[in-house]
Amino acid sequence: MSMFKDIPVDVGVIYEGERIRRNDMQVELGGPDVKEKFELARVKEPEEVEDGKITILGPDLKDMDIGKSYPFGILVEVAGAKLEPELEGVIERRIHAYCNYIEGFMHLNQRYDIWLRLGKKSFQKGLNSFQYIGTVLQRLFKSELPIIEKMQVTFITDPKKVKEQYGEALQIYEARDVKARGLKDEEVDKFYGCVLCQSFAPTHVCVITPQRYSNCGAISWFDGRAAAGIDPKGPVFTIERGEQLDSVKGEYSGVNEVVKKKSLGEITKVCLYTAFGSPHTSCGCFEGVAFYIPEVDGFGIVHRGYKDVTVNGLPFSTLADSTAGGRQVDGFHGVSIEYMRSPKFLQADGGWNRVVWLPKEVKERVKNFIPAELVNKIATEENAKTIDELKVFLKDQDHPIVAKWKAEPEPVEETTPKEVRDEAQTIPVITASTLPMTAGGFKIILKDAKIYAKRVIIRSMKDEKTEKR
Ligand code: SF4
């Protein structure tokens, strides 16, 4: 039975994490096929908000074509005596959680990256209007955050209106991010933590500092402070920073203690500014992935919206699978775009000096924060589509990583006898995003496998059958 009798589908935490495949979807709102999409929360004066009002600008769910993707905006406007504009980021992030409580309604990502799907089954049960979604949002927001006294929700599907408001939303996000820049981690004694994503990644804890924005890019240190202030027992909480144990890697005693507690003992040490050793965990909401490319000893970065394969032949989705789940995976690191603008960005690994490839779109967005002498030395998809092309580009541009190749020659060249070296150089390498094998009646799939073999024998099945006969 539904949590709300007047809503045609069930609503509850159990639906968080539910995925809706393309074949099962009634409609898609936002997502990778649509350029303009956003969600925005605004704190308003009481007289500007009509409590309970739900507005739909453009076609409603029942008027949309089955299987199509639509531009989409959600605007949540709230008022309350104790509400401050600093809470906007945190209120906005809850849209994700509350939409996911609705049976057959999926919400991914945040801000300008939102991706929602309504499942056919829920549509057939009667979930055919944004009125229902708005009602659920109103009730959940007001029951979980009682400082919201008045709330109105607007759903925008008219492409012209989405486009207009999208531009404004981008400016508002930027203004929030600018505010959080400038403050240093060493200057504060409190950080903030967030476990909103534990429903998807049970051991994940975001540690939000002035110089390490949350993985989703939606919660700054200021947002964290505001959220922990109004709801200290909620998913966003204070972390007493404690002693600085390593200033380069970003290890703090208070962070270790809290993360250990909040991950139920699973994660005992976190270094905030590195992708190796004990890196910050990655949930699944990260805006991008920094992935280590051993062939050049550098990092590639790819953002969620990048549709092509990256320079190592893998798409964002495969790299994200290797990164997500609340784990600490060496060389696979979930990041937000705003963290790339931080002076602490992968500080212990060499920062921008170690970055060798990223999509042009991301480069444009963070260009002013990359040291000027490096901007043209970091490849994009226009400069390199394969590792071999990347090596040539980095050498031509004299990227700092090239000096490292010379300074630290590969051990195989220095210490291995020539005959072994020759053999090593001819060892074939198979790289595959998924590699199915069959053995003893079972199908084994190796994901992101790299297999080194002395010899590879490829024999056609036809030949085998002929041989057996
Ligand atoms: S990515 Fe981090 S900050 Fe963002 S909602 Fe998830 S746990 Fe919270």
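Each value, and the rule that gives it
- Residues numbered from 1 in each chain as written.
- Predicted model: local features only at pLDDT ≥ 70, side-chain atom pairs only at ≥ 80, totals over all residues.
- Heavy atoms only, no water.
- Buried < 20%, exposed > 50% of the residue type's maximum accessible area, 1.4 Å probe, protein only.
- Helix = DSSP H or I, 4+ residues; strand = E, 2+ residues; numbered from the N terminus.
- Pairing = 2+ DSSP bridges.
- pLDDT = per-residue confidence, 0-100.
- Contact = heavy atoms within 4.5 Å.

### A closer look at the pairing of strand E7 (residues 115-119)
Then step 1. The buried fraction of E7 is high, at 4 of 5 residues.
Then step 2. Here strand E1 (residues 25-30) pairs with E7 via 5 bridges, running antiparallel. Bridge assignment links Met 25 to a residue of E7, and that residue is Gly 119.
Then step 3. Direction of pairing for strand E6 (residues 105-108) relative to E7: antiparallel, over a ladder of 4 bridges. The partner of His 107 across the bridge, within E7, is Leu 116.
Then step 4. Remark: 6 residues form the turn of the hairpin made by E6 and E7, two consecutive strands paired antiparallel; Asn 109 in that turn has positive phi of roughly 70°.

### Structural notes on the confidence of the model for the protein
Then step 1. The share of residues in the protein with pLDDT of 70 or more is 86%, and the mean pLDDT across the chain is 88.
Then step 2. Under a pLDDT of 50 for its full length, residues 410-445 has, in the predicted model, 48 contacts with residues more than four places off or in other chains.
Then step 3. In this model residues 459-469 is a low-confidence stretch, pLDDT under 50, and it forms 2 contacts with partners more than four residues away in sequence or in other chains.

### Overview of the side chain of Thr 203
Then step 1. Counting through the fold element by element, Thr 203 comes out in the loop between strand E9 (190-194) and strand E10 (206-208).
Then step 2. Those residues in contact with Thr 203 that sit more than four places away from it in its chain are Gln 198, Ser 263, Glu 266, Ile 267, Thr 281, Gly 325, Gly 326 and Arg 327.

### A look at unusual backbone geometry
Then step 1. Located in the positive-phi region is Leu 264, a residue other than glycine, with phi close to 55°.
Then step 2. In this structure, Leu 264 sits in the loop between helix H6 (253-262) and strand E14 (288-293).
Then step 3. Taking the relative accessible area as the measure of exposure, Leu 264 reaches 79% and is therefore exposed.

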